Amino acid sequence: AALSVAPPRRLDVEGRRAVLDRYKKRYAGKAQMGTLSFEILDVIAAKEAASVAMQWKLAFASSTSKPPAEGFSVIGLVRSSSSSPWLIKHDASM
């Protein structure tokens, strides 16, 4: 299961469903959630593990008063075999 730590309140949320439920409570719609985009900076891959470094940007509709946000993330991916889907094991977003 995924573990999400969301500063500054340091909310620990475990699992995709819990994270989605938290977002639905906090954001009334897509305008409040914003649009997330990524720029891949580097990828290091092996047969069953990979690391992806990226920059992320979060933009909001002009109807909201939220300023844009941006940061960096390094994601660790794993899979059990070369035919298995990639799964996020670690996400170090900053």
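Relevant structure appears above.
My aim in this report is to walk through the structure given alongside it, one point at a time. (Residues numbered from 1 in each chain as written. Predicted model: local features only at pLDDT ≥ 70, side-chain atom pairs only at ≥ 80, totals over all residues. Heavy atoms only, no water.)

Let us now look at the nonpolar core. What tends to happen in soluble globular proteins is that the nonpolar side chains get buried as a cluster. Core analysis: the biggest nonpolar cluster contains five residues, these being A50, V52, M54, I75 and L77. Of all the elements in the fold, those that place two or more residues in this core are β4 (49-59) and β5 (69-78). Top contributing element to this core by residue count: β4, with three residues. Filtering out sequence-adjacent residues up to four positions away, A50 remains in contact with I44, A45, I75, G76, L77 and W86. (Core = buried A, V, L, I, M, F, W, Y, C linked by side-chain atoms within 4.5 Å. Buried < 20%, exposed > 50% of the residue type's maximum accessible area, 1.4 Å probe, protein only. Helix = DSSP H or I, 4+ residues; strand = E, 2+ residues; numbered from the N terminus. Contact = heavy atoms within 4.5 Å.)

Looking at the element boundaries, D42 is found in strand β3 (residues 35-45). On the basis of relative accessible area, D42 is assigned to the partly exposed category, the value being 41%. Measuring from C-alpha to C-alpha, the distance between D42 and A53 comes to 5.1 Å, with 11 residues separating the pair along the chain. Those residues in contact with D42 that lie beyond four places of it in its chain are S51, V52 and A53.

On the surface, a nonpolar cluster with roughly 390 Å² of combined accessible area is contributed by L36, F38, I40 and V43. Along the chain, the position of L36 falls in strand β3. Judged by its relative accessible area of 47%, L36 is partly exposed. (Patch = residues over 30% accessible without salt bridge, like charges linked within 9 Å, V, L, I, M, F, W, Y side chains within 5 Å. Areas by Shrake-Rupley, 256 points an atom, 1.4 Å probe, with all protein chains shown as cover. Salt bridge = Lys/Arg side-chain N within 4 Å of Asp/Glu carboxyl O.)

This next bit is on the pairing of β4. Examined bridge by bridge, β3 and β4 share 10 bridges and lie antiparallel to one another. Its bridge partner being in β4, I40 is matched across the sheet by M54. Counting the residues that bridge the hairpin from β3 to β4 gives three residues. By the bridge criterion, 10 bridges tie β4 to β5 in an arrangement that is antiparallel. Paired with V52 across the bridge in β5 is I75. (Pairing = 2+ DSSP bridges.)

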